[in-house]
Every structure is written in structure tokens, then in C-alpha cells.
Amino acid sequence: MIKQIIASALITASVYSYAQTKVTEGTKFTVDANLETDDKLVLADDYNSYMFSAINIDGLMRNVFPHKKLLMRKLDQNGSLVDTYVKDYANKTNGVLHNYLGSQQIDDDKFIAFTEEYFGKENRKEVFQHVFSKKEGTFTTKSIAKYNIESTNRSGTTYVLFSENGKYAAIFNDRFASKKTDNVNDVLVLDLRTLSPVWNKEITLSNDYVEKSLTLTNSAKIVVLRKAAGWKESYKLELVSNTEDKDLPFDDKYIPEKLYAFSKNDNDYLVTFGRKNAAVTIGASTFGTVMFYDMKSGKAVISNTNLAGSKDMNDVKVIKTIVKGDETLMAVQQETVTRPMPTTMNRFPDPVYSLDAGMLIKFNKEGEVKQFVAAGTSTGKRIHVVESGDKLYISAFYPKGAFGNTGFSMKVFDFANLKPQEVSLDYKGRNFFQNYGFADGNMIQYVPNVNKMMFLQKSSKDVQMFSVYNFIK
């Protein structure tokens, strides 16, 4: 009987403890904020998490300048720094240039990054994959593609695309081409689960159109948005795969600017952000339209939104896509890209990206925009979306001075009506989200099995982890 009472008391205490929200702080650690880019909190569980970043700077002082590195920092359960794994991806041969192309988590254990090097003296370009395993604590590097180039200045452009479902990656090498020659592209699609090729071939596209946007579908196909060469306002969508090469017809009065792919009920769909033909409408109303395209039937539905106002829809970024039943929800942000001037130490500076307000767009079964609401007043930071049942938890950054604070607003939305409610958390007598949780959306992770949300806050050169247990009620 006494044992039963003790056991019952322990269970009650355990449930009570589990229900309490708890915040833990990791010890601050230092990074080189001036060099490191594409910071991401990845490979997170209740025991460890990892911060990825890349250094992608070409410099003259090769012996002392940390110009080409992939970094993976291991953090403990509280977010304190345990170890740092570094991969120097630079070929030290004089005249070889390098570029970081992109990265993504593969599964609970592995993270992949892609880089390229090109060397005009040998007329070659080579693409590498670097796979980090948290189990092994190492980067494994492999050359996956080699291309001929005319020179360093005529090396073409290499793109890395990831499918929305995270299963595939594509290396798209857009070769340099003169105005009178066809545009030749090399395409390699990889299965990220096995790191093996799905298909690999050379694609020749006509020279009367040029590539504007690319996307990789969840069925490992590529759709290329092409714009007519010259001043003509004409666009086409071209589907390419190992066995296909065909145009996808749509309203020729519509001007698509940015292209995304997702799937619903095993069917591929496209969403293009763009505008109506300027000859039809003028002013701010020429922007802010969305086309929902069924790739199987060829049906296109165009809806008006106020997403961009007078801005160019070319810079819209999809943060997350959620499909529930017949409805599709996209969390998006307007992205602004600026390109710094070259310097002696950095001849090819990386573009600088900033993000405007986050928006939620819900499409109905027919592909029409059913709802369109603001997710927050985020400026400069990526929003973060966590789906839990019928709830959406969305963080949005407040810049310094807004509402007298610098930090996050955390809101919860019902998927059915997208009506927001503010989430508050008292910590040390202040609102946690407005005073502690200010991090870019890439630096936030939710671990569902222990109901923990982690915020990796980066301020100048200091980084600190805040973990909120029992976050979702």
C-alpha cells in the first residue's frame, strides 16, 4: 500500500513537472560574425544540437585568412558548446576559386553541403558534396560532378536545388553561352536518402529564352521558368526529367517571377509569384499575383494578393508548405537581395539577403487564394513555423525600437481560420519572446518528443542557446 502511494505521488509529481514551462540558458560562445554565413540550427534532439555555418570568402592571404570553411558546432543539452568540426573545402592551388552552393539536413544523423571549385587555367569546374555525420563526428567529402569551362570569367553558374519534401537535391550547371548558341545545361539529381544519382543528363535549351527561376519537384523533376531574350515580355515553363522535356502551357498575359513546387495527393503542383502583364494593369496593381498550377491537368488559377505592393515578386521566399486535406497553406516572406562591392580581400562577395514581413497564404481545393494574413511584422529575419495538430506556432522578429523591444513575437494560429493569438511566456519577470528569443528562423528548432523549442540567439560575435521545455500546450 505504501509503495502504491509513493508510486502515485511520483506519477503526480512527474505529470505536474512535465506541465510546467521551463527555460534553460546555455553558456555563450563566440563565432566570427563577419565571416560566417548561412547559420542554421540542425540535427537537434534532446541530447545535442548543432550549429552549421559557412565561410565563403576568396582572399589573397591564403595562409592566414580563413576563407573557405564549413563549420559544425556541437552543443550539449543546455546549448553550451561541446566541440567544433571544421571542413576546409579550399584547393590551395594558386588561381583556383571556390563557392559554397547550399546545404540541408538529410535525416536525424546527416547534414549535406555542396561546394564548387573552378580553375580557368585548366578549363575545369568541379562540384563536391560534404556529408557531416553526428554519429561519426566527421565530414566526408566526395566529388560528384566535373564540367569543362571556357575560362574563369566564362565558367557558367551552378545552382543547387532541394525538393520540398527533402528527399532530393539537384545540381544544375548552366553553362556559359553566347547569344547565338543554344543554352546547354548539365543536370544531376541525387536521392539524399542514399546519396546516389536518380538521373543525370545534358539538357539543351533554345537561345531565344534565358533561365529565370528553377525548382525541383517532389518527384525529382525540374521545372525551368524561362524569359524571352531581349525586351519581349514572354515567358515559358519547361519541365525536364530523365524521360521528359516539354512546355507547360499557361496564360500568356501572366508574368511569373519566382517558381516553387510541392505535392498534394501524389500530384505535383507549382506556385508562381508574379504579376499581370504591365500592358493590362499599371502601377502597384501590376504586382502581387499568385498562380497555382496543376502539373498533371495543366490547369492554372491566378489570384490577386497584396503580398508585394509595388515590389518585385521575384524576391518571394517560401518558408514552409503545409497540406491538410484539400487545402494548401504557404508561409512566405518577401526577400531583398543586395550585392556588396568587391574588395581586394574578397573579389566575389556573397549577396546579402534580408526578409520583410511574413505572410500566410491559404489555397482552396481549386487553387484559389482563400485567405491571406500577416504572420507578423518581421523585418530582416526569417520567420519560423511549427505545426502541431491544427495549430501553427509562428515566430516573427521585431527590429530594435518596435514596441520598445527587440525580440520575437510568438503567435499561434488555428489552421482553419488563421486567427492569431499572442503567445506569452514570463521569464525573469519579462516577456521571453520580446527580450530573449530573438533569433533568425533558421536558428530555431522544435523537438516534439520532449516538447522543447530551442532558440539560438546570435548577437554580434556571441551566440547563446535558450531552450523552452513544455512549449506547446
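Residues numbered from 1 in each chain as written. Predicted model: local features only at pLDDT ≥ 70, side-chain atom pairs only at ≥ 80, totals over all residues. Heavy atoms only, no water.

Peer 1: Describe the overall build of the protein chain, naming the residues involved and giving the relevant values.
Peer 2: A tally of regular secondary structure across the protein chain gives 2 helices and 35 strands. Classification of the 473 residues of the protein chain by burial places 52% in the buried group. Carbon and sulfur atoms provide 49% of the accessible area of the protein chain, an area that totals close to 22200 Å². (Helix = DSSP H or I, 4+ residues; strand = E, 2+ residues; numbered from the N terminus. Buried < 20%, exposed > 50% of the residue type's maximum accessible area, 1.4 Å probe, protein only. Areas by Shrake-Rupley, 256 points an atom, 1.4 Å probe, with all protein chains shown as cover.)

Peer 1: Go over the side chain of Ser103 with me, naming the residues and quoting the values.
Peer 2: Tracing the backbone shows Ser103 in strand S7 (residues 97–105). Only 2.7 Å separates the side chain of Ser103 from the side chain of Tyr100, close enough to count as a polar contact. The residues touching Ser103, leaving out its near neighbours within four places in the chain, are Asp38, Lys40, Phe52, Phe111, Ile112, Ala113 and Phe162. (Polar contact = N/O pair within 3.5 Å; in protein donor to acceptor, adjacent residues only side chain to side chain. Contact = heavy atoms within 4.5 Å.)

Peer 1: Outline the packing of aromatic side chains, listing residues and values.
Peer 2: Taken as a whole, this structure holds 21 aromatic pairs when the rule is applied. Considering the side-chain rings of Phe292 and Phe363, the 5.0 Å spacing of their centres and the 45 degrees angle between planes classify their relative orientation as tilted. Of this pair, Phe292 sits in strand S21 (residues 287–294) while Phe363 sits in strand S25 (residues 352–363); the two residues are 71 residues apart in sequence, bridging distant segments of the chain. The exposure class of Phe292 is buried, given its relative accessible area of 3%. Among the residues examined, Phe363 registers a relative accessible area of 1% and is labelled buried. Ring-pair connections join several aromatic residues into one group, and the members of that group are Tyr393, Tyr427, Phe432, Phe433, Tyr436, Phe455, Phe466 and Phe471. Between Lys236 and the ring centre of Tyr209, over which it is positioned, the NZ or CZ distance is 4.9 Å. (Phe/Tyr/Trp six-rings, centres within 6.5 Å; stacked < 30°, edge-to-face > 60°. Lys NZ or Arg CZ within 6 Å of the ring centre and 35° of its normal.)

Peer 1: Give a detailed account of the confidence of the model for the protein chain, specifying residues and quantitative values.
Peer 2: The pLDDT averaged across the protein chain works out to 85; a share of 86% of its residues lies at or above 70. The secondary structure element of the protein chain with the lowest average pLDDT is helix H1 (residues 2–19), at 40, and the one with the highest is strand S6 (residues 81–88), at 97. Within the model, the stretch residues 60–64 combines pLDDT values under 50 with 7 contacts to residues more than four positions away or in other chains. (pLDDT = per-residue confidence, 0-100.)

Peer 1: Describe the nonpolar core, and please don't skip the residues or the numbers.
Peer 2: With 33 residues, the main nonpolar core has Phe432 and Phe433 as its most contacted residues. When residues of this core are traced back to their parent elements, those giving at least two are strand S29 (407–414), helix H2 (432–435), strand S33 (444–447), strand S34 (452–459) and strand S35 (462–469). Leave out the neighbours within four places in its chain, and Phe432 touches Val23, Leu425, Tyr427, Gly437, Phe455, Phe466 and Val468. (Core = buried A, V, L, I, M, F, W, Y, C linked by side-chain atoms within 4.5 Å.)

Peer 1: Before we move on, can you summarise the sheet that holds strand S24 (residues 327–338) with the specific residues and values?
Peer 2: The antiparallel open sheet is built from 4 strands, whose spatial order is S23-S24-S25-S26. Here the strands that pair on one side only, and so sit at the sheet edges, are strand S23 (316–324) and strand S26 (369–374). Going from strand to strand, the sheet's axes swing by 25 degrees on average, the running direction of each strand aside. One ladder, built from 10 bridges, connects S24 with S25; its direction is antiparallel. The residue of S25 that forms the bridge with Val337 is Tyr353. (Pairing = 2+ DSSP bridges. Axes fitted to C-alpha atoms, helices over the stretch in contact; angles between N-to-C directions.)

Peer 1: Describe the pairing of strand S3 (residues 36–42), with residues and values.
Peer 2: In terms of residue burial, S3 counts as a mostly covered element, since 5 of its 7 residues are buried. As judged from the 5 bridges shared by S3 and strand S4 (residues 49–56), these two strands associate in the antiparallel manner. Residue pairing for S4: Val42 is matched across the bridge by Tyr50. Counted between consecutive antiparallel strands, the loop separating S3 from S4 contains 6 residues, among which Leu43 sits at a positive phi close to 50 degrees.

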